[in-house]
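# Fold and contact review
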Amino acid sequence: MGDFTARAPKALNDPTLRRNFRRAMDGLMAKRALQFQDRDAWDALRARGAAAKARVVARLPELLEQLEARLTANGIRVHWAETTAQANAIVLDILRQAGARTVIKGKSMVSEEMELNHHLEAHGIAAIESDLGEYIIQLAGEAPSHIVMPCIHKNKAEIAALFAENIEGLGYTEDVDELTAAARRALRGRFAEADAGISGVNFAVAETGTLVLVENEGNGRLSTTLPPLHIAVMGIEKLAERLDDLPALLALLPRSATGQPITTYVNMISHPRRDGERDGPKAVHVVLLDSGRSRVHADPELRDTLRCIRCGACMNHCPVYSRVGGHTYKFVYPGPIGKILTPQLEGLDCAGDQPHASTLCNACVEVCPVRIPIADILVRLRAESIDPSGSAAVKGAGSMRKSLESLTWKGWALMHSVPLLHRLGTWALSRLGNLIPAAALPPLSTWMRVRSRPVFAPKTLHELAREKGYGNE
Amino acid sequence: MSEARANILARLRAARRGAVPDRPDWTPPAYGPDRLARFRAMLEAVHGEVIEVTSATWTERLRTLLAERGVTTAMAAPDLGLDAAWAGRGPEVVAYDRPVEAMKDRLVHDIQAGITRARAGIAETGTLVLWPDAAEPRLLSLLPPLHVALLRLGTLADNLSALMAEQNWAAGLPTNLLLISGPSKTADIEQTLAYGVHGPKELVVLVLTDL
């Protein structure tokens, strides 16, 4: 496995993967740009959306209580889980009490975080993914490579081969309409016989106790309507304070994600089936998952991470993500948001490589619809990853510290704070620096693998300045 | 209450409070006399069809559009009065009058068109607002391959914000409120659009221009 740097070359040297991502990212960036051509309108909308989510983060404990009270009053059962293990146990328990054997799933990144499908399978419950992209990667036995478009790393030919092998009666075809129709046929029966539906949540409205789900396919609506039981899993940060926060958030999410003005379906669920109603689940449960989020919330700077509405625009615009794809990050959330979220949820000791997988180019910050200062947080996490003081906020802080590196920087700092040492040092480097056998010296040779060797000028800048007659002014 | 709940809330409360920012002003677009044109353009851009009708012509227009598509079994609320209007010349009209458990097979396999009313429309995004109830349940607009919706022009709003405020949604939401903008679609395979992946392949909106 190794770290990100060790994994990256495999993706970089895979021309098919590079082509698949390049095409997809170029298309998504162009479509998003068309949606936000009016700068003033974009600024105003984004300010509103960012404020709506910043308010949620600032008022999180009371809004969670309000949400719980409203959901409960609406007849929806609320469960709290501190860890993914607890959340899995809660879901399994609900399913067992209902005697459920089969589950149909709508797309949910939190369920990926929980590895819910594995957990259910291990306990004899079959969970079928119904989002077309998720269905494809479930057939392939893979993890999503993008949080919005999970099978973006696969091309038509790869999917055609997968379907030919897995769907009875379907030969090899690269016709997208035929492939889509085959998936519809294969999944229709699954929906009809499923004992329960499991979904994620895009926004849970505290004011009204409403679960809002956005999607294009209709599988989310099917999962939350056809089976007699619906379980929604969500992170504790995925709230909206009021119903009238939704217009701005709904205007930002699909436009940022896929360049659509709105998704085909916005599905707003406020109750289980009520007396006299013909359909809809008779029981609806919500599982609120913490799994490290309350720790993120504790830090006034890092908590901005929790504004995220999971649009994926940061990864679509990331020069690193678009070249290596989602799997190279190894964690559930790839790309810029993953680089700041994962180390905070999992700890820098196991995800300390993530904040370094960035050029700090700021593209993600420019497109983020809720103005998360991703680059600032990346820098903060890099600093914490080598901070041994014990007072750092993030779990595993200091774990990336290397003694040679810290010694080097101490020397650097000393040289720049003592004038005599600085003069001596720069004089020595300008005369002898080009003789250093850098290609053979381990830390320098690693650095130089992907960079050309800098050539030291024969005279330092200070010497040149003095020769031109500048003093110390 | 659970221990997890207490622990999570305690951790959140222990954090230093940050400022709660105000909501800055944001005005979504309005379209004036071009509202219907905007609605049509947006819905057509996502593969929806918009047909202008009146309260006198809509049943006949609906009958021909169903006939053109070879629909022999449609589902609609009885109080739409289709049986009486068509007097045996149209497709069979089935009512969704029993719980889904008893209707599932027909809904999944037989019904070729679902006909519903829309509570309102949104011009900005070309969106229908559905407020399913006992007469027009949730799956009626989802399982059949064709969805036909009736929209009264007078209910067409500029944008979602305006509509929510005007109808005071926050005061009481239905079990399920739906915003629908076009037929079911996916672009999961190489960003190539395909329609009808799980829901309707076709969405037709009959706009009642006199109501």
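What comes next concerns the included structure. No experiment lies behind these values; they were computed from the predicted model shown.

## Notes on the interface of chain A and chain B
Contact residues are listed per partner, giving 93 residues for chain A and 73 residues for chain B. Note on chain A versus chain B: buried area summed over both sides is about 7,300 Å², and carbon and sulfur give 58% of it. Residues Glu 241 of chain A and Arg 23 of chain B are paired through a salt bridge, measuring 2.9 Å at the closest nitrogen-oxygen approach. For the pair chain A and chain B, the interface holds 44 residue pairs in polar contact (both at pLDDT 80 or more). Class assignment for the residues of the side of chain A that touches chain B results in 42 nonpolar, 22 polar and 29 charged.

## Topic: the pairing of strand S12 (residues 202–208) of chain B
One face of the sheet, then the other: side chains in a regular strand alternate in exactly this way. Residue and element names in this part refer to chain B. The buried fraction of S12 is high, at six of seven residues. Here five bridges tie strand S1 (residues 49–53) to S12, and the two strands are oriented parallel to one another. Among the inter-strand pairings, Val 53 is bridged to a residue of S12, identified as Leu 208. For strand S7 (residues 146–152) and S12, the ladder comprises seven bridges, and the chain directions are parallel. Within S12, the position partnered with Ala 149 by the bridge is Val 205.

## Comments concerning unusual backbone geometry
Peptide bonds are, in most cases, trans, and in most cases residues other than glycine have a negative phi. The phi dihedral of Lys 330 of chain A falls on the positive side, at around 75°, and the residue is not glycine. As for its position among the elements, Lys 330 of chain A is in the loop between helix H15 (321–324) and helix H16 (335–346). Positive phi values are uncommon outside glycine, yet Glu 190 of chain B reaches one of about 50°. Topologically, Glu 190 of chain B is positioned in the loop between strand S10 (185–186) and strand S11 (194–195). Judged by relative accessible area, Glu 190 of chain B falls into the buried class, the value being 17%.

## Some details on the pairing of strand S6 (residues 127–130) of chain B
Residues and elements named next belong to chain B. On S6, burial covers both faces: Thr 127 and Val 129 on one face and Leu 128 and Leu 130 on the other are all buried. Where strand S5 (residues 120–122) and S6 come together, three bridges link them in antiparallel fashion. When the bridges of S6 are listed, Ile 122 appears paired with Thr 127. Counted between consecutive antiparallel strands, the loop separating S5 from S6 contains four residues, among which Gly 126 sits at a positive phi close to 65°. Bridge count for S6 against strand S9 (residues 176–180) is three bridges, and the pairing is antiparallel. Opposite Leu 128, over in S9, you have Ile 180 as the bridge partner.

## With respect to the nonpolar core
Judged by nonpolar contacts, the single largest core of 92 residues is most densely connected at Val 91, Leu 95 and Leu 246 of chain A together with Trp 169 of chain B. Counting residues per element, this core draws most heavily on helix H5 (residues 84–97) of chain A, which supplies six residues. Among the domains, domain 1 (1–35 + 305–401) and domain 2 (55–152 + 190–291) of chain A are the pair contributing at least three residues each to this core. Other than its neighbours up to four places away in sequence, Val 91 of chain A contacts Met 114, Leu 116, Leu 120, Ile 198, Ile 231, Val 233 and Val 287 of chain A. Counting residues in hydrophobic clusters, the runner-up holds 55 residues, among them Val 176 and Leu 187 of chain A together with Val 46 and Leu 143 of chain B.

Criteria and cut-off values
All residue numbers here refer to positions counted from 1 along the written sequence of the relevant chain. By the order in which they are written, chains take letters starting at A while ligands take numbers starting at 1. Local features are withheld for residues below a pLDDT of 70 in this predicted model, meaning they are given only at 70 or higher, and side-chain atom pairs are given and counted only at 80 or more; totals for whole chains, interfaces and linings count all residues. Only hydrogens and water are removed before side-chain values are computed, so all heavy atoms of the structure are retained for them. Two residues form a contact once any of their heavy atoms are found within 4.5 Å. Accessible surface is computed with a 1.4 Å probe, and the buried area is the amount of it that two parts give up when combined, taken over both parts together. When a carboxyl oxygen of Asp or Glu lies within 4 Å of a side-chain nitrogen of Lys or Arg, that pair is called a salt bridge. A 3.5 Å cut-off defines polar contacts: any pair of N or O atoms within that distance qualifies, except that in protein one atom must be a possible hydrogen donor and the other a possible acceptor, and neighbouring residues in sequence count only when both atoms are side-chain atoms. Polar here means any residue outside two lists: the nonpolar Ala, Val, Leu, Ile, Met, Phe, Trp, Tyr, Cys and Pro, and the charged Asp, Glu, Lys and Arg; Gly therefore counts as polar. For every residue, the accessible area obtained with a 1.4 Å probe (protein chains only) is divided by the maximum for its type, and the residue is called buried under 20%, exposed over 50%, and partly exposed between those limits. Counting from the N terminus, the helices are the DSSP runs of H or I reaching at least four residues and the strands are the DSSP runs of E reaching at least two. Whether two strands pair comes down to DSSP finding at least two bridges between them. Take the buried residues of types Ala, Val, Leu, Ile, Met, Phe, Trp, Tyr and Cys, join any two whose side-chain atoms come within 4.5 Å, and each joined set is a nonpolar core. Domain start and stop positions are those given by an automatic or database domain assignment.

Geometric values such as these leave the question of function open.
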